[in-house]
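Residue-level structural notes
In case you want the letters, here they are:
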There are 2 protein chains.
Amino acid sequence: MSDAYYLQLTEQLRTLIDQNAAQWEGKLPAERSLAERFATTRVTLRQALSQLEGEGLIHRSNRRGWFISPARLVYDPTRDAGFNDYVRAQGRQPRTAVLKLEARVHPPAARALGLPDDQPFHHIRRRRYVDDRAVLVESLWVVPERAPELLEIYAGQSLWGLLRERWGHFLANRSIRMVSEALSPMDAEELLVAPGTAGLNINRAILDDQQRPIEYDEEHWLHDSLCISVELSGQQ
Amino acid sequence: MSDAYYLQLTEQLRTLIDQNAAQWEGKLPAERSLAERFATTRVTLRQALSQLEGEGLIHRSNRRGWFISPARLVYDPTRDAGFNDYVRAQGRQPRTAVLKLEARVHPPAARALGLPDDQPFHHIRRRRYVDDRAVLVESLWVVPERAPELLEIYAGQSLWGLLRERWGHFLANRSIRMVSEALSPMDAEELLVAPGTAGLNINRAILDDQQRPIEYDEEHWLHDSLCISVELSGQQ
DNA sequence: GCAAACTTCTGGTCTATACCAATCGATCGG
DNA sequence: CCGATCGATTGGTATAGACCAGAAGTTTGC
């Protein structure tokens, strides 16, 4: 049952965090000091912390310590809204950093869009933040014919907006796939978290309003920063 | 970066599992024997196994050992199809065990359906299997007026089918919410996994074709048994 | 006044070991 | 032949300590 010590510890930590969240300013005390306070080992203490991490209450910034997690971002994958839009709509601050711009082939993207494997793409890799916490990294694979000078002009702005304003593409999701994952060492490093941290992988194939393939999107989210919510039509 | 020994171990285990999956019949050797084979401690070995668990390659049956995970079930939450339907549609075998039948109030369900907090419900708790692996437990909260004798007659069959055939309700999802979670001790026990195992919590509010509230559904899935896939309309 | 160098602290990883309780397989008894 | 009993095995949990590299804070030097 729940007589394991680390599970009791989990509960004690939960209330401790509740009470001291304000004065700690979001960052938990050092593991060694917490372990001492509860008269246990770091190993056991970490087991309890990992439990709370799994619940999404706290998270780790790699080698930097444990932090209290903010509320999850609510995301409706069936709505065709960009990241910036729905982050701001929830009263929070979006930010984007561009990590890479290059031309490359990428068979998975090609397949998802119904194009030949050797189809070249414009590849944009970027990291996105909510209130200055990095919550996801993503790779975008854009069909070059639809946005020729993209690699030269792209600098972190909204891609949906850019495609609409500059090239007149009105985008719509075609298919979305979501799976839980353990973040790869690379993804983890880019998100400043420990390798193997739990994540959510979201892939989207995106067409324009004439059903032409425009881009393929591979997102890797921190598992605790997202709440998927779908409101279905029919109503009212 | 990936010079941590447990990450190398993870890779070695990955190929080892690939090669021996058949002869092991899905169950990995004992931790002690694996630890010995790789000349390391059980602690480190378990860290590597946990990594693969996070990826969804293997899973634990509580105190029973490590098992190779079957392919994920593909699930489209926007489709109004029952569990049995889409499991069979993927060539797999669904099964349901009823854990509890009772009458109770449940404010979260009431709120999601727009009913008063003291609204009583018929509560059905059941565990569902795919190919004899328990993959989820769920609690159903059904509005009694819509299915009066439900608690007396329910015995594990398809609830959607029952509501349609006996009471003439044609169900449709209204809202769906998905969050990653750590399974509660109770959920974990009912799924025969260790407490704190990663899970996916899916809640659905379900109405009939006249927009009358029918039921509220709280599902707790093993994180590795599900692949959410949404195909959006508009096309073809 | 500011950047560089250094020190301390801390999280990430690992070893070695131990105990318990649940499981599983084998043995035993009817 | 089958169910119950018993013992070995195994996973879950926990202790005690250790080392390293990165982060953070402090001091130094220009």
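Per-chain numbering applies: the sequence of each chain, read as written, is numbered from 1 onward. Each chain gets a letter, beginning with A, and each ligand a number, beginning with 1, in the order they are written. Only residues with pLDDT of 70 or above have their local features reported here, since the model is predicted, and side-chain atom pairs are shown and tallied only from 80 upward, although totals for entire chains, interfaces and linings are computed over all residues. The basis for the side-chain values is all heavy atoms of the structure; hydrogens and waters are excluded.

**Regarding the packing of aromatic side chains**
For Phe, Tyr and Trp, rings pair up if their centres lie within 6.5 Å, where Trp contributes its six-membered ring, and each pair is then called stacked (planes under 30 degrees apart), edge-to-face (over 60) or tilted (otherwise). Tallied over the full model, the rule gives 10 aromatic pairs over all chains. Centroid distance phenylalanine 121 of chain A to tryptophan 141 of chain A: 6.4 Å. Interplanar angle 75 degrees. Geometry classified as edge-to-face. Placement of phenylalanine 121 of chain A in strand E5 (residues 120–130) and of tryptophan 141 of chain A in strand E6 (residues 133–142) is noted, with a sequence separation of 20 residues between them. The residues phenylalanine 121 of chain A and tryptophan 141 of chain A share a single accessibility class, namely buried. Aromatic side chains phenylalanine 83 of chain B and tyrosine 86 of chain B sit 6.0 Å apart centroid to centroid with 75 degrees between the ring planes, which places their arrangement in the edge-to-face category. Secondary structure follows DSSP: runs of H or I at least 4 residues long count as helices, runs of E at least 2 residues long count as strands, and numbering of each begins at the N terminus. When accessible area is computed with a 1.4 Å probe and restricted to protein chains, residues below 20% of their type maximum are described as buried, those above 50% as exposed, and intermediate ones as partly exposed.

**Brief notes about the protein's contact with DNA strand D**
Near, as used in this document, describes a residue that has one of its heavy atoms within 4 Å of the molecule or strand being considered. Close to DNA strand D lie 21 residues, the nearest being Tyr5 and Thr44 of chain A together with Arg32, Arg42 and Arg46 of chain B. The protein-proximal atoms of DNA strand D, defined as those within 4 Å of the protein, are 60% sugar or phosphate. Polar contacts, as counted here, are pairs of nitrogen or oxygen atoms within 3.5 Å of one another; within protein the pair requires one atom able to donate a hydrogen and one able to accept it, and residues that are adjacent in sequence qualify only if both atoms are side-chain atoms. At 2.7 Å, a side-chain N or O of threonine 44 of chain A approaches a phosphate oxygen of DNA strand D. A distance of 2.7 Å separates a base nitrogen of DNA strand D from a polar side-chain atom of arginine 42 of chain B. If you list the elements that add at least two residues to the surface near DNA strand D, you get helix H1 (5–24) and helix H3 (42–55) of chain A together with helix H2 (31–37) and helix H3 (42–55) of chain B.

**Overview of unusual backbone geometry**
The phi torsion of most residues other than glycine is negative, and most of the peptide bonds are trans. Phi angles above zero are rare outside glycine, and glutamine 211 of chain A is one such case at about 70 degrees. By the secondary structure assignment, glutamine 211 of chain A is in the loop between strand E8 (198–208) and strand E9 (213–222).

**As for helix H7 (residues 159–167) of chain B**
Residues and elements named next belong to chain B. For H7, the full list of buried residues reads Leu159, Trp160, Gly161, Leu162, Leu163 and Trp167. Looking at the buried side of H7, the elements it contacts are strand E5 (120–130), strand E6 (133–142), helix H6 (150–153), strand E7 (171–182), strand E8 (198–208) and strand E9 (213–222). Its side-chain oxygen placed 3.5 Å from the backbone nitrogen of tryptophan 160, serine 158 serves as the N-cap of H7. Taken from the residues just after H7, glycine 168 is the one with a positive phi, measuring 70 degrees. Two residues form a contact once any of their heavy atoms are found within 4.5 Å.

**Structural notes on the interface of chain A and chain B**
Size of an interface, as often reported, equals the accessible area lost when the parts are brought together. With 33 residues of chain A in contact, the opposing surface of chain B contributes 33 residues. Buried surface at the junction of chain A and chain B, both sides included, amounts to about 2,700 Å², of which 57% is carbon and sulfur. Buried area, as used here, totals the accessible surface that two parts lose on assembly, with accessibility defined by a 1.4 Å probe and the loss added over both. Of all residues in chain A, Arg174, Met178 and Leu232 of chain A give up the largest surface area on contact with chain B, accounting jointly for 18% of the area buried on that side. By definition, a salt bridge exists where a carboxyl oxygen of Asp or Glu is found within 4 Å of a side-chain nitrogen of Lys or Arg. There are 0 salt bridges connecting chain A and chain B. For the interface between chain A and chain B, the tally reads 8 residue pairs in polar contact (both at pLDDT 80 or more). Of all the elements in the fold, those that place two or more residues in the side of chain A that touches chain B are H1, H3, strand E7 (171–182) and strand E10 (226–231) of chain A.

**Focus on the relation of the copies chain A and chain B**
Relating the two copies of this chain is a rotation about some axis coupled with a shift parallel to it. All copies are superposed by least squares; the fitting set is the C-alpha atoms of residues with a pLDDT of at least 70 in both. Note on the copies: chain A fits chain B at an RMSD of 0.0 Å, the axial shift is 0.0 Å, and the rotation between them is 180 degrees. Within this description, the copies of the chain are treated as partners about a two-fold rotation axis. Interface residue correspondence from chain A to chain B reaches 100%, placing this contact among same-surface, isologous pairings.

**Digging into the protein's contact with DNA strand C**
Around DNA strand C sit 21 residues in total, of which Arg32, Arg42 and Arg46 of chain A together with Tyr5 and Thr40 of chain B are the nearest. For DNA strand C, the backbone portion of the atoms within 4 Å of the protein, that is sugar and phosphate, comes to 61%. Within the contact set of DNA strand C, a phosphate oxygen lies 2.8 Å away from a backbone nitrogen or oxygen of glutamate 31 of chain A. Here arginine 32 of chain A contributes a side-chain N or O atom positioned 2.7 Å from a base nitrogen of DNA strand C. Looking at the surface near DNA strand C, the elements that each hand over two or more residues are helix H2 (31–37) and H3 of chain A together with helix H1 (5–24) and H3 of chain B.

**Some thoughts on the UniProt feature "domain: HTH gntR-type" (unreviewed entry) in chain A**
Within this structure's numbering, the places UniProt gives as "domain: HTH gntR-type" (unreviewed entry) are residues 3–71 of chain A. Helix makes up 59% of residues 3–71 of chain A and strand 12%, and the two end C-alpha atoms of the span are 30 Å apart. UniProt positions are given in the numbering used here, feature names are shortened, and annotations may be inferred rather than shown by experiment.

**Thoughts on the packing of H1 of chain A against H3 of chain A**
All names here are of chain A. Between H1 and H3, the least distance of the axes is 8 Å, while the angle of their chain directions is 65 degrees. Both H1 and H3 take part in a crossing whose hand is right-handed. For the pair H1 and H3, contact is made by Tyr5, Tyr6, Leu7, Leu9, Thr10, Leu13, Arg14 and Ile17 and by Thr44, Leu45, Gln47, Ala48, Leu49, Gln51, Leu52 and Glu55, respectively. Considering only residue class, the contact of H1 with H3 consists of 10 nonpolar, 4 polar and 2 charged. Only the stretch in contact is used when fitting a helix axis, every axis being a line fitted to C-alpha atoms; angles between N-to-C directions are given from 0 to 180 degrees. Should the near helix be turned anticlockwise from the far one by less than a right angle, the crossing is termed left-handed; should it be turned clockwise, right-handed. Just so you know the grouping, Ala, Val, Leu, Ile, Met, Phe, Trp, Tyr, Cys and Pro go in nonpolar, Asp, Glu, Lys and Arg go in charged, and all remaining residues, Gly too, go in polar.

**Re the sheet that holds E6 of chain B**
Between any two strands, at least two bridges found by DSSP are needed for them to pair. Taken in spatial order, the 8 strands line up as E3(A)-E10(A)-E7(B)-E8(B)-E9(B)-E6(B)-E5(B)-E4(B) in an open sheet, and their pairing is mixed. If you trace the sheet from one side to the other, it starts and ends with strand E3 (73–75) of chain A together with strand E4 (94–105) of chain B, each paired once. Going across the sheet, the axis of each strand differs from the next one's by a mean of 15 degrees, ignoring polarity. Sheet topology note: the E4 of chain B/E5 of chain B ladder contains 11 bridges and is antiparallel. Bridge assignment links proline 94 of chain B to a residue of E5 of chain B, and that residue is valine 130 of chain B.

**Some details on H3 of chain B**
An α-helical turn contains 3.6 residues, so any two residues separated by three or four positions project in the same direction. Residues and elements named next belong to chain B. One less than the residue count of a helix, multiplied by 1.5 Å, gives the span that helix is expected to have. With 14 residues, H3 extends 20 Å from end C-alpha to end C-alpha; this agrees with the ideal 20 Å at 1.5 Å per step. Buried residues of H3: Thr44, Leu45, Ala48, Leu49, Gln51, Leu52 and Glu53, and no others. Of the residues one or two after H3, glycine 56 is the one with positive phi, at around 90 degrees.

**Brief notes about the side chain of glutamate 219 of chain A**
Locating glutamate 219 of chain A in the fold gives a position in strand E9. When near neighbours in sequence (up to four residues on either side) are disregarded, glutamate 219 of chain A contacts Leu136, Val137, Glu138, Leu200, Asn201, Ile202, Asn203 and Arg204 of chain A.

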